[in-house]
Amino acid sequence: MHQVTLAGLTVDTRHVIGGERVASTETFESVSPIDGATLAHVARGGSAEVNRAVEAARAAFPAWRDLGAEGRREILHRLADLVERDLEQLANLETLDNGSLLRSHRRGVMPRVAMNLRFFADWAVEKLHHPVWQTRGHDNVVSWDPSGVAALITPWNAPLMLATWKIGPALAAGDTVVLKPAEWTPLSASYFADLADEAGVPAGVFNVVQGFGAEAGAALVAHPGIARISFTGSVPTAKAIARSAADNLTPVSFELGGKSPLIVTDDADLDLAVELAVEQYDNAGQVCLSGTRLLVHENIAEAFQARFAEKAQQLRQGDPREEATQIGPQIHRVHLERIQGFVERATADGARVVIGGGPNDELGGLYFRPTLIADAKPGSEILTAEVFGPVLAVQTFASDDDAVELANNTEFGLAAVVVCGNRERAERLTKNLVAGTIWVNCFFVRDLAAPFGGSKKSGIGREGGTWSFDFYADVKNTVYAPTGWKD
Ligand code: NAD
């Protein structure tokens, strides 16, 4: 009942609290987006399990803190080794649970899971400099001290990758962790907890409470015993979390949604522009960073759109386990219907479907055709709200100033893509764009040392490199006087 064998792995679907597997009286189903099969019945936690997990994490904190960055590095590298040992099975498990392409889990996502652990473990030892400077002969010594229990809440679109993007720095910083994975994709975190145990992460240092956002998630973020809340997910959930966090003044880090622009200037390499635009359908459009608003110079708009439509329609949609597949299913029936609703409201509001526009009837299930919308009214929902599916909208502009104005005309500020033939022109454009990450003539080049996060409603704070430690640690300045020493 509590254990299921999937993709060659035995997955225990109970919570992990203080090194023990803990059941709940109720369970929820994890269903595969590939074919609707029930994969597992997962423990449905609430405040009782959260309280126990936070207590366990608090009890484990002093020893983990005192182990020091080098001791923690050794364990985190062992954990990364185990992720690499089981990489093939983990990739298969994640694909079953969230429907993303197996080949990207194999070649990109799971290697990055291991990298998230190694990178931050190393950074804490080698790169977290402790600067010293003088003020009137006094030494200022800066240190990053472990802060306590970090509550980590993660979404379903890249479950283990986004979880370890938080787990890596939190554990490396010396915090202990309670993770609440997304209820649509609970399984990889459950298995990862076994790997943590095998790697020698002490009991209580890494805890997992499974369950729904409104139950386990809400109880976790309201708990007065946590020192940090790191959340990746949607804006409405972030608002609810912020309200809870306010009661305890718990610091929050939010990585939220986007409605990012992809700007194509009239001197751009058109082949590159089309290629990068089609990439925005990756992961069936379920990527926070997607450039979902294609802003194209009017001189090249017709040529761009024709080539884009041709290429997008060639994308191979189907079973994400097949090597040739380029677009898999959406995560869940509820989500598919949400995406469909956006398209229906856009057309009812006068917009035109250029390609796609609905589910792929040949495949059935949760497959939604890559969609391009044109002629949407300025300010309309399809140009302003995050769809989080394979739905892009195209608009044209006449000058670079117009492009910037259109690009910034959103409540989000997560990312932007600029395709441009001239470096100085690109620099003028990027200078005025409001976004946490901008890619010029490229997409998705990510360095874990670089700051990552969103402006405006796309987030609060930055993660990556030292920025992650600035969040998970208590940054401390100690001032030593030049006088008063007896030795
Ligand atoms: P979501 O906000 O619905 O859920 C995210 C997590 O929050 C889940 O684990 C959920 O159970 C939990 N949750 C829900 N209600 C809660 C509450 N009241 N208290 C505490 N926890 C609660 O988001 P989602 O649908 O899972 O993910 C999609 C969203 O995530 C999109 O908006 C996407 O852009 C965003 N996202 C952002 C990034 C980024 O790095 N900026 C990365 C991936 C996804």
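- As annotated in an unreviewed UniProt entry, the protein chain is 5-carboxy-2-hydroxymuconate semialdehyde dehydrogenase from Microcella alkaliphila.
- As its UniProt record puts it under Sequence similarities (unreviewed entry), the protein chain is described as follows: "Belongs to the aldehyde dehydrogenase family."

**What about the nonpolar core?**
Item 1. Core analysis: the biggest nonpolar cluster contains 105 residues, and F206, Y281, L294, F304 and F308 have the highest contact counts within it.
Item 2. In terms of residue count, the dominant contributor to this core is helix α3 (residues 102-127) (11 residues).
Item 3. Viewed by domain, this core spans two of them, domain 1 (3-256 + 458-476) and domain 2 (261-440), each represented by three or more residues.
Item 4. Discounting chain neighbours no more than four positions away, the residues touching Y281 are F308, A312, L315, I327, I355, P370, T371, L372, P390, V391 and L392.
Item 5. In terms of nonpolar packing, the next biggest core, distinct from the first, is built from 27 residues, I17, A53, V149 and I226 among them.

**Remarks on the sheet that holds strand β17 (residues 371-374)**
Item 1. Taken together, the 7 strands give an open sheet; going across it, the order is β16-β17-β18-β15-β14-β20-β21, and neighbouring strands pair in mixed fashion. One side of each edge strand has no neighbouring strand; the edge strands of this open sheet are β16 (352-355) and β21 (437-440). Taking the axes of each pair of neighbouring strands and ignoring which way they run, one obtains an average angle of 25 degrees across the sheet.
Item 2. Contacts from helix α9 (residues 301-313) reach β14 (260-264), β15 (291-297), β16, β17 and β18 (391-397), with the element oriented near 60 degrees to β16.

**Focus: the domain arrangement of the protein chain**
Item 1. Its domain assignment divides the protein chain into domain 1 (3-256 + 458-476) and domain 2 (261-440).
Item 2. Listed as interface residues are 21 residues of domain 1 and, on the opposing side, 25 residues of domain 2.
Item 3. In this assembly, domain 1 packs against domain 2 so that about 1,900 Å² is buried in total across both faces, 58% of it on carbon and sulfur atoms.
Item 4. The largest per-residue losses of area from domain 1 upon contact with domain 2 belong to W156, W184 and S458, which jointly make up 28% of the total buried on that side.
Item 5. When the shortest N-O distance is used, the salt bridge between R107 and E323 registers 2.5 Å.
Item 6. Listed by contribution, the elements that provide at least two residues to the side of domain 1 that touches domain 2 are α2 (87-98) and α3.
Item 7. For the side of domain 1 that touches domain 2, the residue count by class is 9 nonpolar, 7 polar and 5 charged.

**Here's the deal with the environment of D470**
Item 1. Topologically, D470 is positioned in helix α14 (residues 465-472).
Item 2. As for D470 and I229, which are separated by 241 residues in sequence, their C-alpha atoms are 13 Å apart.
Item 3. Not counting the four nearest positions on each side in its chain, D470 is found in contact with W144 and V475.

**Observations regarding the site of the ligand**
Item 1. Lining the immediate environment of the ligand, one finds 27 residues, of which K180, E183, S234, T237 and E386 sit closest.
Item 2. In the environment of the ligand, an oxygen atom lies 3.3 Å from a nitrogen or oxygen atom belonging to the backbone of G233.
Item 3. With respect to the ligand, the backbone of L256 contributes an N or O atom lying 2.8 Å from a nitrogen atom.
Item 4. When the ligand sits alone it has 850 Å² of accessible area, and the protein chains cover 88% of it.
Item 5. Counting residues per element, the ones that place at least two in the shell around the ligand are α6 (213-222), β12 (228-232) and α7 (235-248).

**Section: the packing of aromatic side chains**
Item 1. Evaluation of the coordinates by the stated rule reveals 17 aromatic pairs.
Item 2. A centroid spacing of 6.0 Å and a plane angle of 10 degrees characterise the contact between W439 and F444, whose relative ring orientation is stacked.
Item 3. With a relative accessible area of 3%, W439 lands in the buried category.
Item 4. With a centroid separation of 5.0 Å and an interplanar angle of 75 degrees, the aromatic rings of F471 and Y472 are classed as edge-to-face.
Item 5. Chaining the aromatic ring pairs together yields one cluster made of F119, F120, W123, W165, F452 and F469.
Item 6. If you follow R228 out to its NZ or CZ, it ends over the ring of F471, 5.9 Å from the centre.

Conventions adopted
Residues numbered from 1 in each chain as written. Predicted model: local features only at pLDDT ≥ 70, side-chain atom pairs only at ≥ 80, totals over all residues. Heavy atoms only, no water. UniProt positions renumbered as here; feature names shortened; annotations may be inferred. Core = buried A, V, L, I, M, F, W, Y, C linked by side-chain atoms within 4.5 Å. Buried < 20%, exposed > 50% of the residue type's maximum accessible area, 1.4 Å probe, protein only. Helix = DSSP H or I, 4+ residues; strand = E, 2+ residues; numbered from the N terminus. Domains from an automatic or database assignment. Contact = heavy atoms within 4.5 Å. Pairing = 2+ DSSP bridges. Axes fitted to C-alpha atoms, helices over the stretch in contact; angles between N-to-C directions. Buried area = accessible area lost by both parts, 1.4 Å probe. Salt bridge = Lys/Arg side-chain N within 4 Å of Asp/Glu carboxyl O. Nonpolar A, V, L, I, M, F, W, Y, C, P; charged D, E, K, R; others polar. Near = heavy atom within 4 Å. Polar contact = N/O pair within 3.5 Å; in protein donor to acceptor, adjacent residues only side chain to side chain. Areas by Shrake-Rupley, 256 points an atom, 1.4 Å probe, with all protein chains shown as cover. Phe/Tyr/Trp six-rings, centres within 6.5 Å; stacked < 30°, edge-to-face > 60°. Lys NZ or Arg CZ within 6 Å of the ring centre and 35° of its normal.

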